[in-house]
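Each chain is listed here by its residues.
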Amino acid sequence: MQSWFKKLGSIARESAGRAALFAKFLCLLHVTNTYIFSPTLVYGPSMLPTLNLTGDVVLSEYISHRLGKVGTGDVVLIQSPENPRKVITKRIMGMEGESVVYLVDPSRSYRSRTVVVPKGHVWIQGDNIYASNDSRNYGPIPYGLIQGKVWCRVWPLNGFGTL
Amino acid sequence: MVSPRFLWNVCKSSFTFGLVGLTISDRIASVVHVRGFSMSPTFNPHIINSMESFSDDHVLVEKCCLADYKFSHGDVVVFSSPSNYKEKNLKRIIAMSGDWINRPHSYDMVKIPEGHCWVEGDNPTNSMDSRSFGPIPLGLIRGRVTHIVWPPQRIGKIDRKLPQGGLVF
């Protein structure tokens, strides 16, 4: 009887050790995914010449936007201002204080408008200006909504490389 | 003389501790130091003229609500300021998307756009909030304040409440 209890105790200790190891692994995964890099599946028509319609897997890094090193021309992941549960991929066209010229309705006219991006905001636009819901609709967005910077494409393999 | 094995163990355990702490503060809860008097009756009720006061309120911020971004009127939230992403502000949600609200110093009503909310401090005379920068996207919210944890005589729960005066329609 005594030995049986001893055995049970050792099994419990071992499983607790395994669980702790697993929890540590999950923590490491979380930290890597939020602070260093992670793969992301992006799809949709709004970035069309750069990213495919049917879906690309890209590696995005989460360091440079925390250091404020994101600039005009970078492709970034942004929490959509209209729906916080959605993450969208767009290109930064202007940082704070810069003036941006954009076509109001590119499919119909060449009428353009100039705006100055306010403090702490960025102007984002999709590469496919005909089918993109971006700053032209909802104006400049706060820098705090930027989640990460798209770094390179991983899949499909023939398009492998930095963006 | 410290053995390299001991040093290695210290490094390893502090690294693990950091990982676990970071995960908990990102996913579950963290403690935030409240500065300033913009939420005055609720936090920091007594005005003290020292800069870095030890008796400032420290509050518990829970992060589980960030999984689905469901907030309600009267919640106190932490969000990063729309004009400077490094700055965190602490205000109360007054109106959610779809509500109509009076802009201050004018008589026109504003509809809060989809995915946005209107935040205000409890101290209307001394607060930088939606009255100056407009509605903010819900994506800027970094957590919901649930309890005061420091100083000890003020430990308690934060209630959901709306200011008197009927700003919300």
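Residues numbered from 1 in each chain as written. Chains lettered and ligands numbered in written order. Predicted model: local features only at pLDDT ≥ 70, side-chain atom pairs only at ≥ 80, totals over all residues. Heavy atoms only, no water.

### Focus on the interface of chain A and chain B
Here comes step 1: Facing 23 residues of chain A, the contacting portion of chain B comprises 23 residues.
Here comes step 2: Around 1900 Å² of area is buried between chain A and chain B when both sides are counted, 65% of it from carbon and sulfur atoms.
Here comes step 3: Our count for the contact surface shared by chain A and chain B stands at 9 residue pairs in polar contact (both at pLDDT 80 or more).
Here comes step 4: Among the elements that take part in the side of chain A that touches chain B, helix H1 (residues 2–36) of chain A stands out by supplying 7 residues, more than any other.
Here comes step 5: The class makeup of the residues in the side of chain A that touches chain B is 10 nonpolar, 8 polar and 5 charged. (Contact = heavy atoms within 4.5 Å. Buried area = accessible area lost by both parts, 1.4 Å probe. Polar contact = N/O pair within 3.5 Å; in protein donor to acceptor, adjacent residues only side chain to side chain. Helix = DSSP H or I, 4+ residues; strand = E, 2+ residues; numbered from the N terminus. Nonpolar A, V, L, I, M, F, W, Y, C, P; charged D, E, K, R; others polar.)

### Looking at the pattern of salt bridges
Here comes step 1: For the structure shown, the criterion picks out 14 salt bridges over all chains.
Here comes step 2: With a closest N to O distance of 2.9 Å, A:Asp127 and A:Arg91 form a salt bridge. With A:Asp127 in the loop between strand E7 (121–125) and helix H2 (135–138) and A:Arg91 in strand E4 (residues 87–94), this pair connects stretches of sequence that are 36 residues apart.
Here comes step 3: Here B:Arg92 makes a salt bridge to B:Asp122, at a shortest N to O gap of 3.0 Å. Of this pair, B:Arg92 sits in strand E4 (residues 88–96) while B:Asp122 is found in the loop between strand E7 (116–120) and helix H2 (130–133), placing the two residues 30 residues apart along the sequence.
Here comes step 4: Its relative accessible area of 1% is what places B:Arg92 among the buried residues.
Here comes step 5: Each of B:Glu62, B:Asp75, B:Arg144 and B:Arg160 takes part in salt bridges that share partners, so that together they form one network. (Salt bridge = Lys/Arg side-chain N within 4 Å of Asp/Glu carboxyl O. Buried < 20%, exposed > 50% of the residue type's maximum accessible area, 1.4 Å probe, protein only.)

### Quick word on the UniProt feature "active site" (unreviewed entry) in chain B
All names here are of chain B.
Here comes step 1: The feature "active site" (unreviewed entry), as annotated in UniProt, sits at Ser38 and Lys91 in this numbering. Spanning 54 residues, the named residues form one tight spatial group whose C-alpha atoms are at most 8.1 Å apart.
Here comes step 2: Here Ser38 is to be found in the loop between strand E1 (29–33) and strand E2 (58–62).
Here comes step 3: A distance of 3.3 Å separates a polar atom in the side chain of Ser38 from a polar atom in the side chain of Lys91.
Here comes step 4: Beyond its immediate sequence surroundings of up to four residues, Lys91 is in contact with Ser38, Met39, Asp75, Val76, Val77, Phe79, Val119, Glu120, Gly121, Ser127, Met128 and Asp129. (UniProt positions renumbered as here; feature names shortened; annotations may be inferred.)

### A word on the layout of surface pockets
Here comes step 1: Volume-wise, the largest pocket comes out at about 1400 Å³.
Here comes step 2: For the largest pocket, the lining is made up of 41 residues, of which A:Thr34, A:Arg66, A:Gln147, B:Leu66 and B:Arg142 are closest to its centre.
Here comes step 3: Taken together, the elements giving at least two residues each to the lining of the largest pocket come down to H1, strand E1 (37–42), strand E3 (75–79) and strand E9 (146–155) of chain A together with helix H1 (4–27), E1 and strand E9 (141–150) of chain B.
Here comes step 4: The biggest single contributor to the lining of the largest pocket is H1(A), with 7 residues.
Here comes step 5: A breakdown of the residues in the lining of the largest pocket according to their chemical character gives 20 nonpolar, 13 polar and 8 charged.
Here comes step 6: Taken as a whole, the second largest pocket encloses approximately 450 Å³ of empty space.
Here comes step 7: In terms of lining residues, the second largest pocket is bounded by 22 residues, among which A:Tyr43, A:Lys86, A:Val87, A:Ile88 and A:Thr89 are the most central. (1 Å grid on protein atoms, 1.4 Å probe; cavity = no way out; pocket = protein on both sides within 12 Å on 5 of 7 lines; lining within 4 Å. Points joined across faces, edges and corners; volume = space filled by probe spheres on them.)

### Brief notes about the packing of aromatic side chains
Residues and elements named next belong to chain A.
Here comes step 1: Applying the stated criterion across every chain, the model contains 4 aromatic pairs over all chains.
Here comes step 2: Between Trp4 and Phe5, the aromatic rings sit 5.8 Å apart at their centres with planes inclined by 70°, giving edge-to-face as the arrangement. In terms of burial, Trp4 and Phe5 fall into one category: exposed. (Phe/Tyr/Trp six-rings, centres within 6.5 Å; stacked < 30°, edge-to-face > 60°.)

### Some words on the nonpolar core
Here comes step 1: If you look at the biggest cluster of nonpolar residues, it comprises 25 residues, and the most contacted ones within it are A:Ile78, A:Ile92, A:Val122, B:Phe71, B:Ile93, B:Cys117 and B:Ile141.
Here comes step 2: Going through the elements one at a time, E3, E4 and E7 of chain A together with strand E3 (76–80), E4 and E7 of chain B are the ones with two or more residues in this core.
Here comes step 3: Once you skip the residues sitting within four places of it in the chain, A:Ile78 turns out to touch A:Lys86, A:Val87, A:Ile88, A:Lys90, A:Ile124, A:Ile141, A:Leu145, A:Ile146 and A:Gln147.
Here comes step 4: Among the nonpolar cores identified, the runner-up in size contains 11 residues, and B:Val76, B:Val78, B:Val145 and B:Ile148 belong to it. (Core = buried A, V, L, I, M, F, W, Y, C linked by side-chain atoms within 4.5 Å.)

### Some remarks on unusual backbone geometry
Here comes step 1: A cis amide bond links A:Trp155 to the next residue, A:Pro156, at an omega of 0°.
Here comes step 2: You can see A:Pro156 is positioned in the loop between E9 and strand E10 (161–162).
Here comes step 3: Backbone geometry at B:Tyr69 places phi at a positive 50°, although glycine is not the residue there.
Here comes step 4: Note on placement: B:Tyr69 falls in the loop between E2 and E3.

### Observations regarding the confidence of the model for chain B
All names here are of chain B.
Here comes step 1: In this model, chain B carries an average pLDDT of 84, and 90% of its residues clear a pLDDT of 70 or more.
Here comes step 2: The secondary structure element of chain B with the lowest average pLDDT is strand E5 (residues 100–102), at 83, and the one with the highest is H1, at 93.
Here comes step 3: Scored as a complex, the prediction yields pTM 0.83 and ipTM 0.81. (pLDDT = per-residue confidence, 0-100.)

### A word on the UniProt feature "domain: Peptidase S26" (unreviewed entry) in chain B
Here comes step 1: Here, the residues flagged by UniProt with the feature "domain: Peptidase S26" (unreviewed entry) are residues 9–103 and 110–150 of chain B.
Here comes step 2: This span, residues 110–150 of chain B, is 10% helix and 46% strand, and a straight line between its end C-alpha atoms measures 38 Å.

### So, the pairing of E4(B)
All names here are of chain B.
Here comes step 1: With respect to burial, E4 is a largely interior element, 8 of its 9 residues being buried.
Here comes step 2: Where E3 lies against E4, 5 bridges are found, and the strand directions are antiparallel. Bridge pairing in E4 links Val76 to Arg92.
Here comes step 3: When E4 meets E7, the two strands line up antiparallel, connected through 4 bridges. In the sheet register, Arg92 faces E7, and the bridge partner there is Glu120. (Pairing = 2+ DSSP bridges.)

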